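Descriptive structure summary
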Amino acid sequence: MLVIGDLTLDEFLVGAVERLSREAPVLILRHEHTQQIPGGGANAAYNLAKLGAQVKVAGIVGQDSQGEALCRIFAAAGIDTTGIIHEAQRPTVTKTRISGHARQSVTQQIVRIDRKSDALPSHKIQSQLVAYIRSQIPHVDAVVCSDYGDGVFNAAVIEAALEHPHVIVDAQRDLHRFRGAMVFTPNLPEAEQAVGQLIETPTALNQAAQTLLEQTQAKFMLITRGEDGMSLFHSVDNQLQEEYIPAFNQTDVFDVTGAGDTVVAAWVLGFCAGATPWEATVLGNLGASIVVRTFGTATTSVTEMQETLQLLLDEGLEN
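Residues numbered from 1 in each chain as written. Predicted model: local features only at pLDDT ≥ 70, side-chain atom pairs only at ≥ 80, totals over all residues. Heavy atoms only, no water.

With respect to the side chain of Asp6
Its place among the elements puts Asp6 in the loop between β1 (2-5) and β2 (7-20). Buried within the structure, Asp6 lacks any salt-bridge partner; Arg90 is the closest side chain of opposite charge, at an N-O distance of 6.5 Å. Here the side chain of Asp6 touches Asp150 through a polar contact of 3.3 Å, landing on its backbone nitrogen. A distance of 3.5 Å separates a polar atom in the side chain of Asp6 from the backbone nitrogen of Gly151. Residues contacting Asp6, with those up to four places away along its chain left out, are Gly39, Gly40, Gly41, Ala42, Ser146, Asp147, Tyr148, Gly149, Asp150, Gly151, Val152 and Phe153. (Helix = DSSP H or I, 4+ residues; strand = E, 2+ residues; numbered from the N terminus. Buried < 20%, exposed > 50% of the residue type's maximum accessible area, 1.4 Å probe, protein only. Lys, Arg positive; Asp, Glu negative; His and termini not counted. Salt bridge = Lys/Arg side-chain N within 4 Å of Asp/Glu carboxyl O. Polar contact = N/O pair within 3.5 Å; in protein donor to acceptor, adjacent residues only side chain to side chain. Contact = heavy atoms within 4.5 Å.)

In structure tokens form, the structure reads like this:
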């Protein structure tokens, strides 16, 4: 797999509340631990690697400790970082979440600090990305475009990515830029933004899916709907078809951060391994149902997915 993405480092700083500061009405935390995890497009790559894929990454990080940390995490997971470009003029996109807890209480996020640049990558950096992507297209089974709006996806990069027949797009906005990709995976708010209206009924959902398929010329439109499950849309003989998969986990939901990346990873890996689009959607749904049970950005494994699926099948037989 080739993952092209806006690479992010997610940091989680956790401490115990000691007292209120005398300097200002703020909590003083005694630091307990810091965890660094791939986020954004990096999380999509990390999910794929944890599910057993051979992963190459194309993206940009800064020449800073956060970029070094992200590359170390990738290297430890066996991810090829040759396509990661280090740019001194911009920081690695970093989202630092500071969380605290009192005695016998749950940990809660207090504040998030984001480090990023609003400047576009230089023309030289963009050209390097395009060259790397084109060099890898013949050697991968699929391309994942993970667009978080941090500057990687200019027109030239998108054009290079779309040279592959199997492109899966996870983009928060402007889906039409990736016109011709095989499958898109917007969540419900992203789909609403793309069509310019609320989606509150089955009819509205079908209309939105039809519009999105026409706008993007995609083969499949996978709309993730939170507790309402997922709907996979495609066209058969110019007739819209929907395959619905209910949510496998509606109660043990602690943090949805990064769940969409898990959906993408499980879907594309399943599809390339021979699953039908419906089966791939079931796998994506299954993976998401697992990672939302964990606080923070999380991944799952093949073994964990197998065990969870067996539990679901056993429960279904009992009921």
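Let's talk about the nonpolar core
By size, the foremost hydrophobic cluster in this structure holds 46 residues, and its most contacted members are Leu48, Val55, Val57, Phe74, Ile79, Trp267 and Val268. Where this core is concerned, the elements lending two or more residues are β2, α1 (41-50), β4 (56-62), α2 (65-76), β11 (220-224), β12 (230-236), α7 (259-272) and α8 (277-291). When residues in this core are grouped by element, the largest group, eight residues, is from α7. Setting aside chain neighbours within four positions, we find Phe74 in contact with Pro38, Ala42, Ala45, Val57, Ile79, Thr81 and Ile84. Counting 39 residues, the second-largest nonpolar core is a separate cluster that includes Val140, Ala160, Phe178 and Ala181. (Core = buried A, V, L, I, M, F, W, Y, C linked by side-chain atoms within 4.5 Å.)

Focus on unusual backbone geometry
Phi at Asp174 is positive, roughly 50 degrees, even though this residue is not glycine. According to the relative accessible area criterion, Asp174 is partly exposed, its value standing at 33%. Despite not being glycine, Gln217 shows a phi value in the positive range, around 55 degrees. Along the chain, Gln217 falls in the loop between α6 (202-216) and β11.

A closer look at α6
Taking 1.5 Å of rise per residue, 15 residues should cover 21 Å, and α6 covers 21 Å from first to last C-alpha, within 8% of that figure. Within α6 the residues assigned to the buried category are Ala204, Leu205, Ala208, Ala209, Leu212, Leu213 and Thr216. Buried residues of α6, seen end-on, are gathered within an arc of 165 degrees and therefore sit on one face of the element. Residues of α6 that are buried sit in contact with β10 (183-184), α5 (188-195), β11, β12 and β13 (239-245). (Expected span 1.5 Å × (residues − 1). Arc of directions from axis to C-beta.)

Topic: the pairing of β13
Two elements, β12 and β13, share seven bridges in a ladder whose sense is antiparallel. Counted as the bridge partner of Met230 is Ile245 from β13. Count of turn residues in the β12/β13 antiparallel hairpin: two residues, of which Asp237 carries a positive phi of about 55 degrees. (Pairing = 2+ DSSP bridges.)

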